[in-house]
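For reference, the chains in residue letters:
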Amino acid sequence: MKKKKLSMPVKTMIGLAFGVAAGLALQNHAELAKAYIGPFGTLFLNCIKMIVVPMVFSSIIVGVCGIGDAKKIGRIGGKTMLYFLCTTACAATLGVLASNILDIGKGFEIAGDVAEVTIPENPGIINTLINIIPANPIQALANGEMLQIIAFAIIIGGGIMMIGEKGKPIYRAFDSLAEAMYAITGVIMKFTPIAVFALIAPIVAENGLKVLLPLISVVLAVYGVCVLHALIVYSTSVKIFSGIGPREFFRKSAEAIVFAFTSASSSATLPYSMKSAEDLGVSEPVRSFVLPLGSTINMDGTAIYQGICALFIANVYGIELTLVQQITIVLTCTFASVGAAGIPGSAMVMLSMVLQSVGIPLEGIGLVAGIDRITDMAPTATNITGDIACSVVVGASEKESE
């Protein structure tokens, strides 16, 4: 009788479990975990990052050309943005509600000085929208400026459509490039279980429980609300629009979700998202358009984190927020997700915007800075789940499947 092989998601989960165990075993020797285990995770991430820019660029061009109709591109883009804005508003609302119910931060005492945190400059929504069009597209590609790369790829795809027959050779070239990137991705993804082990072990070894215990309520709230949001909002929307049940949706998205959780990088998880969307029957033009866009601007999980952190910091400082202020937090989280898109350290940018909007001291960011790496894992996994769900919903609404 032939032995049944373990699926990649199962292997990935085993890698995660071994990574946690190794991290706990090396708690007193974190430098060993960082020196001898961590580099394998870094090498894997470098391999993924190596293919992200050419894959995003070529796949969006192919996606735009595959859609073939400017009106249809606008319609799909509009549906994508509407889905992301609605789910982000739901996410921020859930985060604020959970904080109120759990009284996050009540009775918390600040031990010692609050850490100083350097917040990246926030260019604002207007400047972000202006900067979407790259003055130097080659520089944008070299620097990995995802919003600019996406915009340039859409423009190139539109130009290829406009010249008709003459554009077919360059379309075939980008199609071949995209296929080559998918093939390379397939090889890299075989090493996912080892990478997950190498990524999680140093984090657990370095932080252990000491960083979690003082702020355990924040960590548990963020993780709990992220899971709740995925189960309620994503699975419900997917079921309503496509008929795909929650079990099938999460099973086929599992590998992408686990990798997003361990790497805490939406862009690095893009190849896995593409594969999950393909397994869920999303057509190539739709997934090639929606997923790269989502990896840049969809921040549902981050919005949950912002809502919870804002109320936590307010409670620590003894600030009672009114209903209007809490609604302001929800709205700021929703629209800041576009304004902060593509900025390095965007979570901190968003949190500073949220705190400023209701008059909470910015110094409070230092309270949660120590657990940022731990709490960033669940929101990233949530963002990726939302990207895949959006591609399924948009694909179903366009009646396009494979």
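See the structure above.
Computed from a predicted model, the values in this text were never measured in an experiment. (Residues numbered from 1 in each chain as written. Predicted model: local features only at pLDDT ≥ 70, side-chain atom pairs only at ≥ 80, totals over all residues. Heavy atoms only, no water.)

> If you had to explain the pattern of salt bridges to someone new, which residues and values would you point to?
Close approach of charged atoms allows side chains with opposite charge to pair. For the structure shown, the criterion picks out five salt bridges. The partner of Arg75 in a salt bridge is Glu398, with the nearest N and O atoms 2.8 Å apart. Linking Arg75 in helix 3 (residues 70-102) with Glu398 in the segment after helix 18 (377-397), this pair joins segments that are 323 residues apart in sequence. On the basis of relative accessible area, Arg75 is assigned to the partly exposed category, the value being 39%. Here Glu165 and Lys168 are joined by a salt bridge, their closest N and O atoms 3.4 Å apart. Accessibility expressed as a relative area gives 39% for Lys168, which makes it partly exposed. The network of salt bridges with shared partners includes Arg75, Lys79 and Glu398. (Salt bridge = Lys/Arg side-chain N within 4 Å of Asp/Glu carboxyl O. Helix = DSSP H or I, 4+ residues; strand = E, 2+ residues; numbered from the N terminus. Buried < 20%, exposed > 50% of the residue type's maximum accessible area, 1.4 Å probe, protein only.)

> Hey, could you go over the side chain of Asp387 for me, with residue numbers and the actual values?
Assignment of secondary structure puts Asp387 in helix 18. Here Asp387 sits buried without a salt bridge, and the closest side chain of opposite charge, Arg287, lies 14 Å off (N-O distance). Separated by 2.8 Å, the side chains of Asp387 and Asn298 make a polar contact. With residues near it in sequence (within four places) discarded, Asp387 still touches Phe84, Val290, Leu291, Gly294, Ser295 and Asn298. (Lys, Arg positive; Asp, Glu negative; His and termini not counted. Polar contact = N/O pair within 3.5 Å; in protein donor to acceptor, adjacent residues only side chain to side chain. Contact = heavy atoms within 4.5 Å.)

> Describe a nonpolar patch on the surface, naming the residues involved and giving the relevant values.
On the surface, a nonpolar cluster with roughly 360 Å² of combined accessible area is contributed by Leu6, Val10, Ile14 and Phe18. Structurally, Leu6 can be placed in the segment before helix 1 (8-25). (Patch = residues over 30% accessible without salt bridge, like charges linked within 9 Å, V, L, I, M, F, W, Y side chains within 5 Å. Areas by Shrake-Rupley, 256 points an atom, 1.4 Å probe, with all protein chains shown as cover.)

> Account for the nonpolar core, with residues named and values stated.
In terms of nonpolar packing, the biggest core is built from 68 residues, with Ile48, Phe249 and Phe259 touching the most fellow members. For this core, the leading source of residues is helix 2 (residues 30-67), giving 15 residues. Dropping the residues within four chain positions of it, Phe259 is found in contact with Phe44, Leu45, Ile48, Thr192, Val196, Leu199, Ala264, Ala268, Thr269 and Tyr272. Within the second largest apolar cluster, 33 residues are counted, among which are Val222, Ala303, Cys333 and Ile365. (Core = buried A, V, L, I, M, F, W, Y, C linked by side-chain atoms within 4.5 Å.)

> Any details on the packing of helix 9 (residues 216-242) against helix 10 (residues 246-263)? Residues and values, ideally.
Here helix 9 crosses helix 10 at 140°, and the two axes come no closer than 11 Å. Relative to helix 10, the element helix 9 lies oblique. Remark: the crossing between helix 9 and helix 10 carries right-handed chirality. Each of Tyr223, Ala230, Leu231, Tyr234, Ser235 and Val238 in helix 9 lies in contact with helix 10, whose residues at this interface are Pro246, Phe249, Phe250 and Phe261. Taken together, the residues of the contact of helix 9 with helix 10 break down into nine nonpolar, one polar and no charged. (Axes fitted to C-alpha atoms, helices over the stretch in contact; angles between N-to-C directions. Parallel < 35°, antiparallel > 145°, perpendicular 65-115°, else oblique. Left-handed = near helix turned anticlockwise from the far one by under 90°. Nonpolar A, V, L, I, M, F, W, Y, C, P; charged D, E, K, R; others polar.)

> Please set out the packing of aromatic side chains residue by residue, giving values where relevant.
Applying the stated criterion across every chain yields a total of seven aromatic pairs. The interplanar angle of 20° and the centroid separation of 4.5 Å between the aromatic rings of Phe259 and Tyr272 together place this pair among those described as stacked. Of the two residues, Phe259 is situated in helix 10 and Tyr272 in helix 11 (residues 270-279); the sequence distance between them amounts to 13 residues. On the basis of relative accessibility, which here comes to 0%, the residue Phe259 falls in the buried class. Taken together through their ring pairs, the aromatic side chains of Phe44, Phe259 and Tyr272 make up a single cluster. (Phe/Tyr/Trp six-rings, centres within 6.5 Å; stacked < 30°, edge-to-face > 60°.)

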